[in-house]
Amino acid sequence: MSGLKLFHTTNGSVAEVAPRLAEREADVQDLVEAHMETMLGVRFLASEYSTGPLHGGRIDSLGLDENGAPVIVEYKRATDAGVIHQGLLYLAWLMDHRDEFQRLVRDRLGSEAAGQILWSAPRVICVAGDFTRYDVHAVREHRRSIDLVRYRMYGDEHIALETVASVAGHATVPPRRQGAVQGSGAVPAGVLRELAEAVDEVLLGLGADVVTVHRKKYRAYQRLRNFVCVCPPQQTKVLAYVKLLPKELDLVPGFTRDVTGIGHHGSGDPEVQLRTERDLERAVDLFRLAYAAA
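Below or above, wherever it landed, is the structure these notes cover. (Residues numbered from 1 in each chain as written. Predicted model: local features only at pLDDT ≥ 70, side-chain atom pairs only at ≥ 80, totals over all residues. Heavy atoms only, no water.)

Attention shifts here to unusual backbone geometry. Even without being a glycine, Glu48 presents a positive backbone phi close to 50°. Relative to the helices and strands, Glu48 resides in strand S2 (residues 42–50). Accessibility expressed as a relative area gives 33% for Glu48, which makes it partly exposed. (Helix = DSSP H or I, 4+ residues; strand = E, 2+ residues; numbered from the N terminus. Buried < 20%, exposed > 50% of the residue type's maximum accessible area, 1.4 Å probe, protein only.)

Let us look at helix H5 (residues 98–109). With twelve residues, H5 extends 16 Å from end C-alpha to end C-alpha; this agrees with the ideal 16 Å at 1.5 Å per step. Of the positions making up H5, those classed as buried are Phe101, Leu104 and Val105. In a view along the axis of H5, the buried residues occupy a sector of 100°, so they form one face of it. Exposed and facing more than 90 degrees away from the buried side of H5 are Asp99 and Asp107. Just downstream of H5, Gly110 is the residue with a positive phi angle, here 105°. (Expected span 1.5 Å × (residues − 1). Arc of directions from axis to C-beta.)

Here we take up the pairing of strand S7 (residues 158–167). Extensive coverage of S7 is indicated by the burial of eight of its ten residues. From the end of strand S6 (residues 145–154) to the start of S7, which pair antiparallel, there are three residues, and Gly155 there has a positive phi angle of about 70°. (Pairing = 2+ DSSP bridges.)

What follows covers the packing of aromatic side chains. Tallying each qualifying case throughout the model produces three aromatic pairs. Between Phe227 and Tyr291 the ring centres are 5.5 Å apart and the planes differ by 80°, which places this aromatic pair in the edge-to-face class. One end of the pair, Phe227, is in strand S10 (residues 226–230); the other, Tyr291, is in helix H9 (residues 277–293), and 64 residues separate them in sequence. The buried category is assigned to Tyr291, whose relative accessible area is 15%. The ring centre of Phe255 lies 4.0 Å from the NZ or CZ of Arg282, which sits over that ring. (Phe/Tyr/Trp six-rings, centres within 6.5 Å; stacked < 30°, edge-to-face > 60°. Lys NZ or Arg CZ within 6 Å of the ring centre and 35° of its normal.)

The pairing of strands in a sheet happens through backbone hydrogen bonds and is either parallel or antiparallel. What the six strands build is an open sheet, ordered S8-S9-S10-S11-S13-S12; its pairing is antiparallel. Strands with a single pairing partner mark the edges of an open sheet, and in this sheet they are strand S8 (211–214) and strand S12 (256–258). Pairs of neighbouring strands in the sheet enclose a mean axial angle of 25°, with direction left out of account. Bridge count for S12 against strand S13 (residues 270–274) is three bridges, and the pairing is antiparallel. Within S13, the residue paired with Thr256 across the bridge is Val272. (Axes fitted to C-alpha atoms, helices over the stretch in contact; angles between N-to-C directions.)

With that settled, consider the state of the cysteines. Cysteine pairs can be linked by a disulfide, which is a covalent bond between their two sulfur atoms. Evaluated as defined, the whole model comprises zero disulfides. In this model Cys229 remains outside any disulfide bridge; the closest cysteine sulfur is found in Cys231, 7.8 Å from its own. Since its relative accessible area comes to 9%, Cys231 is described here as buried. (Disulfide = S-S within 2.5 Å.)

Written as structure tokens, this is what we have:
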């Protein structure tokens, strides 16, 4: 299966066994919740969250993704035509109970995270044994961010995830800044805007499943998880952060650097400094690696 990612949930190796469906839906939920940030790029908040006596539901998993967007995760053992509608029903409830969700985030992750929730881009992630072509078509007709993720079990403690469809919601895109004031030694604003547009074109061109999330300080490019975050042009360069391990890269002074432990916007610790189209050409391989890893 293309794009399939295998997650080791113990220190052991994968036995040579055939992939299978879980015996119980709860087995999938338990594994994903225990490793949610690694698997989905989502910080876990709550399991089986009650929507109250009037609504009468229970959200399988609640989380907050790396861009601060609320995330609902619903699980099905096999194929279930109702999983998408169930997730959207819970999402509608969540958007009507923002204060309750904000309190939950504050209690679990702190006041800073609670104050930066990205309400313009809430997400539903459906994890199931499989999906039909009607499911894939259905998510493309909705105006919400929905990810369909197929799973397979290997033994009892290993799980593989494959993104079947990933559709971005229709969030408002912030307007481009015009007429930026140029400081000493700055590159003309129009040149950097063109470079930023070229970066956007390259990243979106990596695959049909790439979606973007807009935050005030950066734009995230993601499949199921972020793989590159790009900041608005500065005076002399465009900064991109790739979701790779700095220790596994050959860093080049003046082009790439390790910013682990240094405050920066977006996710990913290798920083890529783009000043020219030539720099962008050099960065494409890094972008492809991060895309594949996501």
